[in-house]
Amino acid sequence: MSIQEIRALQKNYFYSGKTLPYKFRITVLEKLKSRIIANENEIYAALYKDLGKTKSEAYMCEVGLVLSDLNYQMKHLKKFMKRKKVSTPLAQFKSKSYIQPVPYGLTLILSPWNYPILLTLGPLLGAIAAGNTAIIKPSEYAKETALVLKKIIEETFEPHHVAILLGDAKVAKTLLEYPFDYIFFTGGSHVGKLVYEAASKNLTPVTLELGGKSPVIIEETAKISLAAKRIIFGKYMNCGQTCVAPDYILVPPQLKEELISKLIYWIKQLYPNGHLSKDYGKIINETHFNRLLSYLEAEKILYGGLYSKAELKLEPTLLEANVDSICMKEEIFGPILPILTYQTEEELFSILQSHPTPLALYIFSNNKKKIKEYTTQIQFGGGCINDTIVHLATNTLPFGGVGTSGIGSYHGKKSFDTFTHYKSILHKATWLDLSIRYAPYTKAKDKEIRKFLK
């Protein structure tokens, strides 16, 4: 079927009202869960081919998180769908007010290659739980996983409810030429701007999950060994190809050598065979691989730097860098970690402000005053204190960016909210009709109106 035919089918299906009942939504979510579980081994095999992910990492960072969110949606869906009564001001006596959640309608989900299961099915859960239809376009770079996603979607849904379209960027571009009721995009800021521009032509609301240079701040009171261990975990998972991976470290000069020593120690512990370690993945393609190698040519390598171009594998690498380094000009999105020093808090803030509104910020500190200061004064999407990346695995915390790192958020209840329009409704009684609101107005009426609107 053509894009136009799929859109027409989904529009008609949505207008039929069949996606609205609780029983329909919960049944479809349960079916999706069963198909994910039934295809687990195929998912693991595809993720290994595309990204070198082991089964353990694939479950922890993709399949497990999707299943967890699925269970959360199913457990709370009935409550999410209920209309909420709110108070009514005296001026509107006699009436009642409530907020009614309703789906947007036909949604478009454009997903990336780095976490192709999580970042495709995660938004879809919200769209389906909220009662929408959806067209999905996964990235062509993770081609094996895209084929498995196609199998899961087609086993679970009829195309008039959820359809998946494979292909290159031309398919996504064509999709964006059509009007949708909501667009959810995850990817880089360059493409994000194109999506936003296309959406604006039809005044379509969007969620943009982008990225940016997510910093790590090492404060004087940090536990250095634990900080190093958790930084290595967050940075080199999926070979650094994570939108919230630590992008660079800011450390006081007096702690620099100790931190580097501990970082190297934990790299060796977690990845004892470097880029050939069994739990270490690969770069998605040769274009990205060559881009990463260019960073190594211009800076001092503190550790690592070995690679296998044939296997698209690059060793966990530490660089000595400064604000003018090439690797500090854009998001790295790979297994390269620059280390910068700061002498004063003014210098720290100056460096942070040169890369505004990152998707994540990580602070290693036991100083409550500094933690409050940094989390309050620095603009960022979300983050962790004394850890990295794990905030995105928490259903009770919305996940999303701000400014250049994105618009909107999702996960848990927020996934349902994102794909839901909340209608404000006032239900007025018919047995009472106060005359003071109607013309002609008098001084007496003005006096009464002022009383009501205090």
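In what follows, the structure referred to is the one given above.
### Observations regarding the overall build of the protein
Piece 1. Across its full length, the protein carries 15 helices and 20 strands.
Piece 2. If one aligns the C-alpha atoms of the protein with their principal axes, the spans along those axes are about 80 × 55 × 35 Å.
Piece 3. When burial is assessed residue by residue, the protein has 53% of its 454 residues classed as buried.
Piece 4. When contacts within the protein are restricted to residue pairs at least 6 apart in sequence, long-range pairs at least 24 apart make up 71% of them.
Piece 5. Carbon and sulfur atoms make up 55% of the accessible area of the protein, which amounts to about 21100 Å² in all.
Piece 6. In the protein, which carries 58 positive and 42 negative side-chain charges, the distance between the mean positions of the two groups comes to 12 Å.

### As for the sheet that holds strand β18 (residues 406-407)
Working definition: the strands of a sheet are paired by backbone hydrogen bonds and lie parallel or antiparallel to each other.
Piece 1. In space, the six strands of this open sheet follow the order β5-β4-β3-β6-β7-β18, with mixed pairing throughout. Where the open sheet ends on each side, the last strands, each with one partner, are β5 (162-164) and β18.
Piece 2. Judged from the four bridges that link them, strand β3 (residues 106-110) and strand β6 (residues 182-186) form a sheet pairing that is parallel. Along β6, the bridge assignment pairs L108 with I183.
Piece 3. Running at roughly 155° to strand β4 (residues 133-137), helix α1 (residues 3-15) makes contact with β3, β4 and β5 of the sheet.
Piece 4. Against the sheet, helix α6 (residues 143-156) engages β4 and β5, with an angle of about 155° to β5.

### Quick word on the side chain of T357
Piece 1. Relative to the assigned elements, T357 resides in the loop between α12 (345-353) and β15 (360-364).
Piece 2. A distance of 2.6 Å separates a polar atom in the side chain of T357 from a polar atom in the side chain of T404.

### What about the sheet that holds strand β20 (residues 420-428)?
Piece 1. Overall, antiparallel pairing links the three strands, which are arranged β1-β2-β20 in an open sheet. Looking along the sheet, the strands with just one partner apiece sit at the ends: β1 (84-86) and β20. With direction set aside, neighbouring strand axes in the sheet form an average angle of 30°.

### Quick notes on the pairing of β4
The two faces of the sheet receive side chains in turn, since in a regular strand these alternate between them.
Piece 1. When you tally the buried positions in β4, you get five out of five residues, the bulk of the element.
Piece 2. In β4, alternate side chains face the same way, and those of T133, I135 and K137 on one face and A134 and I136 on the other are all buried.
Piece 3. Looking at chain direction, β3 and β4 are connected through five bridges and run parallel. Within β4, the residue paired with L108 across the bridge is I135.

### Regarding the pattern of salt bridges
Piece 1. Applying the stated criterion across every chain yields a total of 16 salt bridges.
Piece 2. For E62, the salt bridge identified is with K53, shortest N-O distance 2.4 Å.
Piece 3. Overall, E62 belongs to the buried group, its relative accessible area being 0%.
Piece 4. In this structure K53 comes out as buried when scored by relative accessible area, which is 2%.
Piece 5. Among the charged side chains, a salt-bridge network with shared partners connects R35, E42, K151 and E155.

### Details of unusual backbone geometry
Piece 1. The step from F93 to K94 runs through a cis peptide bond, and the omega angle for that step is 0°.
Piece 2. Relative to the assigned elements, K94 resides in the loop between β1 and β2 (95-103).
Piece 3. The step from A439 to P440 runs through a cis peptide bond, and the omega angle for that step is 0°.
Piece 4. Tracing the sequence through the fold places P440 in the loop between β20 and α15 (443-452).
Piece 5. Positive phi values are uncommon outside glycine, yet N238 reaches one of about 55°.
Piece 6. Here N238 shows up in the loop between α9 (224-236) and β9 (248-251).
Piece 7. Take N238: its relative accessible area is 2%, and that puts it in the buried class.

### Points about the packing of aromatic side chains
Piece 1. Scanning all chains against the criterion turns up 14 aromatic pairs.
Piece 2. With a centroid separation of 5.9 Å and an interplanar angle of 70°, the aromatic rings of F289 and Y307 are classed as edge-to-face. Within this pair, whereas F289 is found in helix α11 (residues 286-298), its partner Y307 is found in strand β11 (residues 307-308), the two being separated by 18 residues in sequence.
Piece 3. The buried category is assigned to F289, whose relative accessible area is 0%.
Piece 4. Among the residues examined, Y307 registers a relative accessible area of 44% and is labelled partly exposed.
Piece 5. Each member of the aromatic cluster is reached from another via a ring pair, and the members are Y104, Y182, F184, F399, Y410 and F419.

Cut-offs applied
Residues numbered from 1 in each chain as written. Predicted model: local features only at pLDDT ≥ 70, side-chain atom pairs only at ≥ 80, totals over all residues. Heavy atoms only, no water. Helix = DSSP H or I, 4+ residues; strand = E, 2+ residues; numbered from the N terminus. Buried < 20%, exposed > 50% of the residue type's maximum accessible area, 1.4 Å probe, protein only. Contact = heavy atoms within 4.5 Å. Areas by Shrake-Rupley, 256 points an atom, 1.4 Å probe, with all protein chains shown as cover. Lys, Arg positive; Asp, Glu negative; His and termini not counted. Charge placed at Lys NZ, Arg CZ, Asp CG, Glu CD. Pairing = 2+ DSSP bridges. Axes fitted to C-alpha atoms, helices over the stretch in contact; angles between N-to-C directions. Polar contact = N/O pair within 3.5 Å; in protein donor to acceptor, adjacent residues only side chain to side chain. Salt bridge = Lys/Arg side-chain N within 4 Å of Asp/Glu carboxyl O. Phe/Tyr/Trp six-rings, centres within 6.5 Å; stacked < 30°, edge-to-face > 60°.

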